[in-house]
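These are the residues of each chain, in order.
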Amino acid sequence: MASRFKDLDVSVEDFISEQENESTKKKTLQNVAVLQQFLASKNEERKLEEIPPEELNEYLSEFIITVRTKDKQEEYEPSSLRGFIASFERYLKKKNYGHSIIKDLQFEKTRKALSSKQKDLKRKGKGNKPNASVAISEDDIQVLYEKKLLGTKRPEALLNTLWLNNTTQFGLRGCKEHRDMCWGDVKLKKTSTGVEFLEYGERQTKTRLGDDTNDVRPIAPKMFSLPNSDRCPVLTYKVFAKKRPTQMNFDEAPFYLAVNNIKTDSLDKKPWFKQSPVGVNKLNSIMKVMSEKAELNKPRLKNHSGRKTMMQTLVNEEIPPTDIIQLSGHRNLQSVNNYATVSEKQQMKMSRALSAFTTGIVSKKDAPREESSCGSSSENNKMLVSQQRTEHTVTSSTCGQQQALQILSWSYDKRWKHSCFDQHTQQITYIADKPEA
């Protein structure tokens, strides 16, 4: 009779360690190594967890103020210094140190040093997150399709498109969640009316590790078809399913497969994908590589740009934050506000609007149009009183008709409804709804 208990392949400690986030573990060890170098420069040979709080407080205070980057010997960004403290906290907690750098009174000097250093760095122009990822623009998407870096006609473009669709519509984070994704996590289904869609079954995420069985997404993310479109996400999935090796179609097979480098004239003859997962480095830099190949000149386009695009697009479409977090997987509404930044195109629009005002130049499309004659000025005045409207009159011979259009357009924010031109007095009269208070 088979035993209901599996043999233990690793120690309990190792099993627990394996469940920790790999990126977090790596970052923690790197930051602790930098601190150990600092301690060595002070002839301190004890391990971090062996140093009493009072002494460690002094060391950490000086470390925060003096540490520099390894390659360029430059100041760290304020967020990086906070990251150092968080790493030390995690390390000491794991070592059962018994004291908290973030909370305990013994480390008040360290926290004050961090706060003062952050202010000093801000005064020097740091802290503006110069390397933060940016959202992908509509123009970027068009260029990527035009340069065949997105689409279904080539293996690499197909892989790129799958990644982009999964990121923006399933809300996957840029690296680990894609690496962990399996073929059986996505199911092709239909609505009761016959509309095809893809449904994603979530695995472990950054905010949902699985230790709380009640902490699950309220909905399973779905990606619906776009009828009569060769860019339909469901069609892209179907092409990928057809091009995958049949040996890699079991549920636990990796979703993303390594690309076979084949020539264009051999696309119909040779398999597009290998029977092995795509490389970690390739998957982690897929957006950056796309941007470079397309010559978008946007070094801040990274894997996180896909998720940022999803959030910013939904915010701009005025989707309620309570709905957005159900798709994105965020735990609180504040996370949505963090993504609510204006796009480059919106910034351009605002800048040009302000420039038009400060320079006195207004484009023709912003100027009011003469739609119809509306009688004499006296008749218009009577109409304005009865309908609570506002009237402005500018003499054409004094400043020119175009100049009048410019002034009036900016006076009432393009709310003009009627216009008329009096041949006898040479006056242009514009009538607009009275602006709301």
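Residues numbered from 1 in each chain as written. Predicted model: local features only at pLDDT ≥ 70, side-chain atom pairs only at ≥ 80, totals over all residues. Heavy atoms only, no water.

Moving on: helix H12 (residues 304-316). Taking 1.5 Å of rise per residue, the 13 residues of H12 would be expected to cover 18 Å, and the 18 Å separating its terminal C-alpha atoms lies within 8% of that figure. Along H12, the positions that sit buried rather than exposed are Ser305, Gly306, Arg307, Lys308, Thr309, Met310, Met311, Gln312 and Leu314. Looking at the buried residues of H12, the elements they touch are helix H7 (155-170), helix H11 (286-293), helix H13 (321-328) and helix H14 (334-339). Looking at the residues trailing H12, positive phi occurs at glutamate 318, about 60 degrees. (Helix = DSSP H or I, 4+ residues; strand = E, 2+ residues; numbered from the N terminus. Expected span 1.5 Å × (residues − 1). Buried < 20%, exposed > 50% of the residue type's maximum accessible area, 1.4 Å probe, protein only. Contact = heavy atoms within 4.5 Å.)

Another aspect to go through is the pattern of salt bridges. The tally for this structure, following the rule as stated, stands at 20 salt bridges. Its salt-bridge partner being lysine 42, residue glutamate 62 comes within 2.6 Å of it at the nearest N-O pair. With a gap of 20 residues between them, glutamate 62 in helix H3 (residues 53-66) and lysine 42 in the loop between helix H2 (22-41) and H3 connect regions that are remote in the sequence. Since its relative accessible area comes to 35%, lysine 42 is described here as partly exposed. With its nearest N and O atoms 3.1 Å apart, the salt bridge here joins aspartate 120 to lysine 124. One continuous salt-bridge network, built from bridges that share partners, spans Arg68, Glu75, Lys117, Asp120, Arg123 and Lys124. (Salt bridge = Lys/Arg side-chain N within 4 Å of Asp/Glu carboxyl O.)

Now for the sheet that holds strand S2 (residues 196-200). What the 3 strands build is an open sheet, ordered S1-S2-S3; its pairing is antiparallel. Where the open sheet ends on each side, the last strands, each with one partner, are strand S1 (186-190) and strand S3 (222-224). Each neighbouring strand pair of the sheet contributes to a mean axis angle of 25 degrees, computed without reference to strand direction. Across 3 bridges, the pairing between S2 and S3 is antiparallel. Counted as the bridge partner of glutamate 199 is lysine 222 from S3. In the packing of H7 onto the sheet, contacts are made with S1, S2 and S3, and the angle to S3 comes to roughly 115 degrees. On top of the sheet, helix H9 (residues 233-243) reaches S1, S2 and S3; it is set at about 75 degrees to S2, its chief contact. (Pairing = 2+ DSSP bridges. Axes fitted to C-alpha atoms, helices over the stretch in contact; angles between N-to-C directions.)

In this section: the packing of H12 against H13. At a minimum axis distance of 10 Å, the contact between H12 and H13 shows a crossing angle of 160 degrees. It follows that H12 is roughly antiparallel to H13 by the angle criterion. Of the two elements, H12 crosses H13, and the hand of that crossing is right-handed. Residues Arg307, Met310, Met311, Leu314 and Val315 of H12 form the contact with H13, whose own contacting residues are Ile324, Leu327 and Ser328. Per-class residue counts for the contact of H12 with H13 are 6 nonpolar, 1 polar and 1 charged. (Parallel < 35°, antiparallel > 145°, perpendicular 65-115°, else oblique. Left-handed = near helix turned anticlockwise from the far one by under 90°. Nonpolar A, V, L, I, M, F, W, Y, C, P; charged D, E, K, R; others polar.)

Counting residues in each nonpolar core, the largest one holds 40 residues, and the members touching the most others are Leu144, Trp163, Val186, Phe255, Tyr256 and Phe273. At the level of secondary structure, the elements contributing two or more residues to this core comprise helix H6 (138-146), H7, S2, H9, strand S4 (257-259) and H11. Take this core: its biggest share by element is 6 residues, from H7. In contact with tyrosine 256, not counting residues within four places along its chain, are Leu159, Leu162, Trp163, Asn166, His178, Met181, Ser276, Pro277, Val278 and Leu283. Among the nonpolar cores identified, the runner-up in size contains 24 residues, and Leu39, Ile51, Leu81 and Phe84 belong to it. (Core = buried A, V, L, I, M, F, W, Y, C linked by side-chain atoms within 4.5 Å.)

Moving on, we get to H11. Within H11, burial applies to Ile286, Met287, Met290 and Ser291. Along H11, the residues classed as buried sweep out an arc of 135 degrees about the axis, all on the same side. Packed against the buried residues of H11 are H6, H7, helix H10 (280-284) and H12. Following H11 by one or two positions, glutamate 295 adopts a phi angle in the positive range, close to 55 degrees. (Arc of directions from axis to C-beta.)

For the pair H3 and helix H4 (residues 78-94), interaxial distance at closest approach is 11 Å and the crossing angle is 155 degrees. It follows that H3 is roughly antiparallel to H4 by the angle criterion. The hand of the H3/H4 crossing is right-handed. Taking contact as the criterion, the partners of Leu56, Leu60, Phe63 and Ile64 in H3 are, on H4, Leu81, Phe84, Ile85, Phe88 and Leu92. Across the contact of H3 with H4, the residue classes tally to 9 nonpolar, no polar and no charged.

It is worth spelling out the confidence of the model for the protein at this point. Any region with low pLDDT has predicted coordinates that should not be read closely. This prediction gives the protein a mean pLDDT of 80; 76% of its residues lie at or above 70. The model gives residues 370-421 a pLDDT under 50, and that stretch makes 109 contacts with residues more than four places away or in other chains. Predicted confidence for residues 430-437 stays below pLDDT 50, and this span has 35 contacts to residues more than four positions away or in other chains. (pLDDT = per-residue confidence, 0-100.)

Structurally, glutamine 346 can be placed in helix H15 (residues 344-359). For glutamine 346, a relative accessible area of 30% gives the class partly exposed. Each residue touching glutamine 346, except ones within four places of it in the same chain, is listed here: Asn316 and Thr341.

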